[in-house]
Amino acid sequence: MKEYSIPRLIFFFLLGTTTLCAIFTFYIFKPRFYNLDPLTFLEYLWFISTTILGLIIIFFIGYTVLYFLPSNNEFPPLVKCALSYGLGTGFLCLSMFLSILMGLHSRLSFLPILILSIFLLIFFKIYINLKGDINEIVKTIKRQRFNKIEYFCIFLLIIELIYLSSHWFIYPFRGWDEVFIWNLRAKKLFNGGDFKFLNKLDRQNYPLLVPLNLCFFYSLYLTEYHFAKILTLFYFISLLIFLYYSLRSFKLSRTYSILITTLFAIVGETFKMAKCVYADIPFTFFYTISTIFIFFYFKTKKQYYLIYSSIFMGLMAWTKQEGYYLFFVNILILTLYFLFQYRKNMIIPNDVLKNFLSSFILGFIIFLPWLLFVILNRYPSMYLGRVLIILYFRGTLRRISNISIWGFILIIQPYNWGIFFWIVIVFLIILNYNVLFKEDNFFLFLLVFIHFLVYIYVYIITPLPVKFHVSTSYDRMLLHIAPISCFLIGILIFDSNRMVVNIEDDSLFNYVIYIFAIFMVIYLIIINLFFKFFKPIFNFVREIFLYYFIQ
């Protein structure tokens, strides 16, 4: 009994803290800000307990799927938790979609995969592995000893997560896409029970992973409630865990890994998207994992990484439209890599075919039901008929010019990215160009760069006004490639002999770096938290600039 006492204490501490926070925020802040009637204590308890139950169900489903995947014990227990959350939401979405198509009401559509997961957990005694992983996580946390920089970064991350958790309690659905795209579909699905509502909406071909998971929480609540926003927060936490351990897996120091992860976490756009239920954080999660697993294959030549990458690419295509394009870009880069290896006589033809099928077939099967659904229902794509517009040379140049100007303005806005983040990345890439052109590093860079060009191509052929489309989505598109860019920076720092500074040492030079890092982090926090008060002034100056220098 003693070996399970600490996990139990942690669980009850988190449950008690969460309950107190809920009572405090709802009774004091939320009614004051939104003129809403406060809930009763029993209603709070119901929503909190069902939210925890929903997260446990998602985790169990994902952990069961992970158990049957090859070489799952190669991952640290905390990474298995992060992967389980993504697999749980993904396969829950797929199961709900198929169940609804077969006539089951949306409010009951999560039951088939839940019943199957519970049966498998018991029949294969998967819960024994789960207990072992939880104990290992607790032991790992207990034996950690951090330096000053690491404590500072961890403190920042904890403050950020507390702030993001408060949005789970305080704020209802507010953003345009959050209300009128993702949550609207979830509400229609929850109330209607099937997919007939899509015939009356715009953008019918938008994938349904986020709405289906919101509908799952609504089915547990027995009503529509914004506590389901916690879905995005756990994607964000899982993404940070995976990014950190990906850096550590290539022997990058713990301090550098924590610094790079913290840099990504506190940037304005990341911070902003983690607060709301847009599909961009889930999409970034699936895209990051699928892409980094491809790089793991480059480095280790272990085929099971291609299987994991393929699964997460398939789930990526269930999350946003961009997932279709990036899925095939990943397959293209992998094909080029296999051909390159074949020309160097490092791989035989049979292995080329086997690796290609490993990287393609599972992901294609996963998103094939939605693809067929869209085709059979003839849901239109606003880009498909415009793919050749790029051949209109003069118009394309004008659009590229406008995209560059408006994109740069969005990048330098401190409440989005702040120029500091991308200056650091570009500066390190330039200084380490010789490392960048190493075979595996170059293919990773090529993959990210082509993804960026695909997004630019979408802006060129968009039927929407270019300024509107760029201003409403460009910063979010950069979010998709930001974790991979951070991972690439970690690889460059590790591979380069001249760029590595041992910041764990107590030398004067390292203290100067430490103080500078603290200054920049504090600067970013101040900008992210307080610059919104100056946003109207900034927008006014921007409009004057656009009027005189573009029009």
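Everything numeric in this text was worked out from a predicted model, so none of it was measured.

The rules behind each value
- Residues numbered from 1 in each chain as written.
- Predicted model: local features only at pLDDT ≥ 70, side-chain atom pairs only at ≥ 80, totals over all residues.
- Heavy atoms only, no water.
- Core = buried A, V, L, I, M, F, W, Y, C linked by side-chain atoms within 4.5 Å.
- Buried < 20%, exposed > 50% of the residue type's maximum accessible area, 1.4 Å probe, protein only.
- Helix = DSSP H or I, 4+ residues; strand = E, 2+ residues; numbered from the N terminus.
- Contact = heavy atoms within 4.5 Å.
- Salt bridge = Lys/Arg side-chain N within 4 Å of Asp/Glu carboxyl O.
- Axes fitted to C-alpha atoms, helices over the stretch in contact; angles between N-to-C directions.
- Parallel < 35°, antiparallel > 145°, perpendicular 65-115°, else oblique.
- Nonpolar A, V, L, I, M, F, W, Y, C, P; charged D, E, K, R; others polar.

Take the nonpolar core next. The biggest cluster of nonpolar side chains holds 161 residues, and the ones touching the most others in it are F293 and F487. The dominant element in this core, judged by the number of residues it contributes, is helix α20 (residues 466–495), at 16 residues. When sequence neighbours within four positions are dropped, the list of residues in contact with F487 reads L243, S246, L247, F250, I292, F295, F296 and L444. Core analysis: the next-biggest nonpolar cluster, separate from the first, contains six residues, F59, L120, L121 and L130 among them.

Let's shift gears to the pattern of salt bridges. Evaluation of the coordinates by the stated rule reveals 10 salt bridges. Residues R143 and E136 are paired through a salt bridge, measuring 3.3 Å at the closest nitrogen-oxygen approach. With a relative accessible area of 52%, R143 lands in the exposed category. The residue D475 makes a salt bridge to K272 at a minimum N-O spacing of 3.8 Å. Of this pair, D475 sits in helix α20 while K272 sits in helix α11 (residues 268–273), and the two are 203 residues apart along the sequence.

Look at helix α3 (residues 77–101) against helix α8 (residues 209–221): their axes get within 9 Å of each other, and the N-to-C directions meet at 85 degrees. Judged on the interaxial angle alone, α8 and α3 are roughly perpendicular. Residues T89, G90, L92, C93, M96, F97 and I100 of α3 pack against L209, L212, N213, C215 and F216 of α8. Residue composition of the contact of α3 with α8, by class: nine nonpolar, three polar and no charged.

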